[in-house]
Each structure stands twice: as C-alpha cells, then as structure tokens.
Amino acid sequence: MPELNLDKILASLDLRISEVTLPDEYDQISKDYLGKDSLLAEERKKLPTLSNEDKKTYGKKLTELSKKIESKIASSKKQFILDTFQKKEKDEFTDITIDWNRNEGSYKHILSSVMDEVVNIFSSIGYEVAYGPEAETSWHNFDALNTPDWHPARYESDTIYLNSDLETLLRTQTSTVQIRHMEQNDPPVYIVAPGRVFRSDQLDATHSPVFHQLEGLAIDKNLSFTDLKGTLEYFTKEFFGENIETKFIPHFFPFTEPSAEVLVKWNDGSWLEILGCGMVDPNVLENVGYSKEYKGFAWGVGIERLAMLRYKIDHIKNFYENDIRFLEQF
Ligand code: DAH
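In this report, the structure presented in the accompanying data block is examined. Keep in mind it's a predicted model, so treat the numbers as computed, not measured.

With that out of the way, let us pick up the overall build of the chain. Within the chain, the regular secondary structure consists of 12 helices and 9 strands. In terms of overall dimensions, the chain is more spread out than a globule: its C-alpha atoms have a radius of gyration of 37 Å, far above the 20 Å expected for 330 residues. The C-alpha extent of the chain, read off along each of the three principal axes, is 115 × 55 × 40 Å. Buried residues in the chain amount to 40% of all 330 residues. For the chain, contacts bridging at least 24 residues in sequence account for 65% of all contacts bridging at least 6. Entry remark: accessible area of the chain is about 19300 Å², with carbon and sulfur atoms responsible for 51%. Taking the 38 positively charged and 56 negatively charged side chains of the chain as two groups, their mean positions are separated by 11 Å.

Here it is as structure tokens:
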C-alpha cells in the first residue's frame with residue numbers, strides 16, 4: 001500500500017498559508033492541494049491498482065486528508081479576512097468624541113436656533129413639520145396659489161428661474177409647501193414648513209436674495225379668522241413675551257381672502273410688520289381637490305425679521321457673513 005506522509009503535507013500547507021498576503025491567494029492554495037494536479041489527486045489515481053482491502057484503507061486515508069486540507073484552508077481564510085478587517089478598523093479608527101472646539105464649545109447659528117424655537121412653539125400646540133424642495137415648479141410656487149401668470153403679484157416676485165420656459169424656479173416663498181402637503185394629504189391639516197426662499201432682491205438692511213421663512217397652514221371644518229388671530233397672538237407672546245402688543249391690518253395676498261399683516265409694537269412705540277396671513281382662498285382648496293366643507297388659515301413669517309427685532313440686529317447681512325464676533329454673541 002502506498003505511504004503518504006500526512007504530517008509533511010500538512011506542514012507544507014501551514015507554510016503556504018503563513019505566507020498569504022491577499023485573500024484571493026487561498027484559491028490557488030486550494031487548487032494546489034486539492035485540484036486535479038495535486039499530490040492528493042496523484043495518489044487517488046493509484047487506487048484502482050490496489051487490492052480491495054488496501055483500496056478501502058488508503059481511500060479512506062486520502063478522503064480524511066482531503067477533508068483536513070479543505071477545513072484548514074477554509075478556517076484560515078476566514079481568520080485572515082477577520083484579521084484584515086480588524087486591522088483596517090484599527091488603522092482607520094476615528095475618535096468621534098474628540099472635542100474640536102476645546103475652548104469655545106460649539107453652538108447653533110442664530111438663525112437655526114430662532115427657527116427651532118419657532119417650530120417648537122407651533123409643535124407644542126399640535127402642528128406637524130413639513131418640508132418641500134427649494135427648486136420648485138411654477139405651479140406650486142404661483143398657479144396653485146391662485147397667482148396665474150397674468151397676475152400682477154406674480155411679476156413682483158418673478159425671480160430666479162432655472163429654465164427658459166419658466167417652469168422651474170427657486171421658490172420665492174414657503175407657501176409652496178401648503179400645496180405640496182395638501183396634494184398628498186387629506187384634511188384636517190395642521191403643519192408648519194420651515195425653509196429657505198429666494199428672491200431677485202438687492203441686499204439692503206432688511207432684504208436679502210436668500211432668506212428663511214416659516215409657513216403655517218391649518219385646515220379643518222370650523223376654522224375662522226378668530227382662530228387665526230388667537231394662534232398668531234399666542235405665537236407672538238411666546239416668542240416676544242407676554243406683554244408684546246400686536247395688531248392685524250388688512251393686506252393683499254393672492255392665496256388668502258381676507259388677508260392681513262401682523263405688526264408688533266416695539267419699545268419706541270413703532271409698529272413693525274412680522275408676517276403675512278389670511279384665510280385660505282377657496283380657489284387654493286379647489287386646486288388641491290379639497291371639499292367645500294373645509295376652511296382654514298395660513299401665514300408666512302420671516303425668520304431673519306424675528307431675529308433682527310428680538311436681538312436688535314441692524315443689518316440682515318450679519319447673519320450670513322460668518323463673522324465669529326457676531327455669531328458668538330448668541
Ligand atoms: N408667502 C408670503 C410671502 O412670502 C407670506 C404669506 C402671506 C404666507 C400670507 C401665507 C399667507 O401663508 O397666508 O410674502
């Protein structure tokens with residue numbers, strides 16, 4: 001019966017394995033030790049020439065060896081991959097607890113904290129937060145909001161279009177989210193939509209071509225102008241303090257009827273406008289397919305405006321200049 005030095009074969013396999021540098025090399029090792037040109041295959045070829053007895057014993061020995069080699073290669077490959085992964089993990093380890101602002105700490109931008117605060121005031125009375133895209137269709141920005149292309153209000157805010165057929169633009173108002181939300185959801189609706197808006201305005205003390213708004217929309221069966229007043233007065237008191245005085249004056253917006261502006265009384269006795277609002281125009285509700293039994297109100301408030309009033313900031317550009325001496329005051 002042929003003799004095979006098992007230990008020697010296994011030792012040579014160990015050596016080969018110890019030299020592996022890439023996981024793919026295990027395929028070659030498998031081929032060399034188990035493939036058709038391997039020593040094992042050579043030995044198997046001898047089997048037919050052996051006596052029945054020897055055939056059985058030697059055959060069994062070869063099968064055992066083959067199983068041993070196979071499992072050695074498999075377990076070593078598994079370990080190799082694991083080790084490589086662990087090493088990679090160790091080498092690439094990033095300590096996310098490192099405090100980059102060791103001295104100052106980090107803090108939110110003033111506009112983000114004012115926006116968060118306004119959102120929180122409304123979510124505490126049941127409003128959900130909704131979002132819409134900054135690149136909008138003219139339908140969502142104008143037409144659905146009862147502002148067809150012949151409407152003068154459209155020219156006032158005609159703005160940064162993204163294509164020559166005037167079908168997409170950077171939204172001029174967060175009122176677009178009213179439409180998007182109503183298109184997707186049945187009434188009742190109580191949402192606020194924070195976001196960035198774009199206008200072809202020149203930069204001056206109170207205007208910027210990019211600024212932030214928070215839109216609000218409430219649609220239900222029995223909402224009236226009294227609910228609108230109550231909600232917005234609640235908001236101004238929460239934001240500016242119990243003693244703030246507000247007044248509503250008539251205004252025009254295409255998507256509300258009647259429409260109003262809310263003014264707050266400032267320390268020096270002057271009245272300053274902080275938001276536009278009104279009862280949602282029935283045409284808007286019809287555009288989104290809401291039934292006539294539903295009514296509601298909406299408003300849009302400028303976040304920069306709120307921050308400027310509260311913190312007595314004299315120029316809107318302060319928010320965007322990233323001057324740490326300004327930002328760290330808040
Ligand atoms: N979208 C208006 C603007 O940007 C603000 C506004 C006015 C929003 C009245 C409303 C509203 O929802 O009812 O000037």
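Now that the structure is up, let's keep going.
Both faces of the sheet carry side chains from a regular strand, because those side chains alternate between them. Counting buried residues along strand S7 (residues 256-265), 7 of its 10 residues qualify, which places the element largely inside the surrounding structure. By the bridge criterion, 7 bridges tie strand S6 (residues 246-253) to S7 in an arrangement that is antiparallel. Bridging from a neighbouring strand, Ile-249 pairs with Glu-261 of S7. The turn joining S6 and S7, which pair antiparallel and follow one another in sequence, is formed by 2 residues. As paired elements, S7 and strand S8 (residues 271-280) share 8 bridges and run antiparallel to each other. Looking across to S8, one finds that Leu-263 is bridged to Glu-273. In this structure, the hairpin formed by S7 and S8 is closed by a connection of 5 residues, where Gly-269 is found at a positive phi of approximately 90°.

The next thing to look at is the site of the ligand. The local shell around the ligand holds 15 residues, among which Gln-173, Ser-175, Arg-199, Gln-213 and Glu-215 are the closest. Contact distances for the ligand include 2.8 Å between an oxygen atom and a side-chain N or O atom of Arg-199. Contact distances for the ligand include 2.6 Å between an oxygen atom and a side-chain N or O atom of Glu-215. Summarising the interface, the protein chains cover 90% of the accessible area of the ligand, which totals 360 Å² for the free molecule. Assessed atom by atom at 2 Å from the grid points, the ligand resides in the largest pocket.

On to the side chain of Glu-136, then. Positionally, Glu-136 belongs in strand S2 (residues 135-137). Polar side-chain contacts of Glu-136 include one of 3.4 Å to the side chain of His-140.

We now examine the packing of helix H9 (residues 225-240) against helix H11 (residues 303-311). It is at 11 Å that the axes of H9 and H11 come closest, and there the two elements cross at 45°. One finds that H9 runs oblique with respect to H11. Contact residues: Phe-235, Phe-239 and Phe-240 in H9; Leu-306, Leu-309 and Arg-310 in H11. Among the residues making up the contact of H9 with H11, the classes are represented as 5 nonpolar, no polar and 1 charged.

This part is about the layout of surface pockets. For the largest pocket, the calculated volume is near 1100 Å³. Elements that contribute at least two residues to the lining of the largest pocket include exactly helix H7 (152-156), strand S5 (210-220), S6, S7, S8, strand S9 (295-302) and H11. Per-element tally for the lining of the largest pocket: the top contributor is S8, with 6 residues. Looking at the lining of the largest pocket residue by residue, the class counts come to 16 nonpolar, 18 polar and 8 charged. Estimates place the volume of the second largest pocket at around 220 Å³. Forming the walls of the second largest pocket are Met-279, Val-280, Pro-282, Asn-283, Leu-285, Glu-286, Tyr-290, Ser-291, Lys-292, Tyr-294, Lys-295 and Gly-296. Only S8, helix H10 (282-287) and S9 provide two or more residues apiece to the lining of the second largest pocket. Partitioned by chemical class, the residues of the lining of the second largest pocket number 6 nonpolar, 3 polar and 3 charged.

On to H9, then. The first and last C-alpha atoms of H9 sit 22 Å apart over 16 residues, in line with the 22 Å expected at 1.5 Å per residue. Where H9 is buried, its residues touch helix H5 (110-123), S6, S7, S8, S9 and H11. Directly beyond the C-terminal end of H9, a positive phi value near 115° is found at Gly-241.

Calculation notes
- Residues numbered from 1 in each chain as written.
- Predicted model: local features only at pLDDT ≥ 70, side-chain atom pairs only at ≥ 80, totals over all residues.
- Heavy atoms only, no water.
- Helix = DSSP H or I, 4+ residues; strand = E, 2+ residues; numbered from the N terminus.
- Rg over C-alpha atoms; globule rule 2.2 N^0.38 Å.
- Buried < 20%, exposed > 50% of the residue type's maximum accessible area, 1.4 Å probe, protein only.
- Contact = heavy atoms within 4.5 Å.
- Areas by Shrake-Rupley, 256 points an atom, 1.4 Å probe, with all protein chains shown as cover.
- Lys, Arg positive; Asp, Glu negative; His and termini not counted.
- Charge placed at Lys NZ, Arg CZ, Asp CG, Glu CD.
- Pairing = 2+ DSSP bridges.
- Near = heavy atom within 4 Å.
- Polar contact = N/O pair within 3.5 Å; in protein donor to acceptor, adjacent residues only side chain to side chain.
- 1 Å grid on protein atoms, 1.4 Å probe; cavity = no way out; pocket = protein on both sides within 12 Å on 5 of 7 lines; lining within 4 Å.
- Sits in = over half its atoms within 2 Å of the grid points.
- Axes fitted to C-alpha atoms, helices over the stretch in contact; angles between N-to-C directions.
- Parallel < 35°, antiparallel > 145°, perpendicular 65-115°, else oblique.
- Nonpolar A, V, L, I, M, F, W, Y, C, P; charged D, E, K, R; others polar.
- Points joined across faces, edges and corners; volume = space filled by probe spheres on them.
- Expected span 1.5 Å × (residues − 1).

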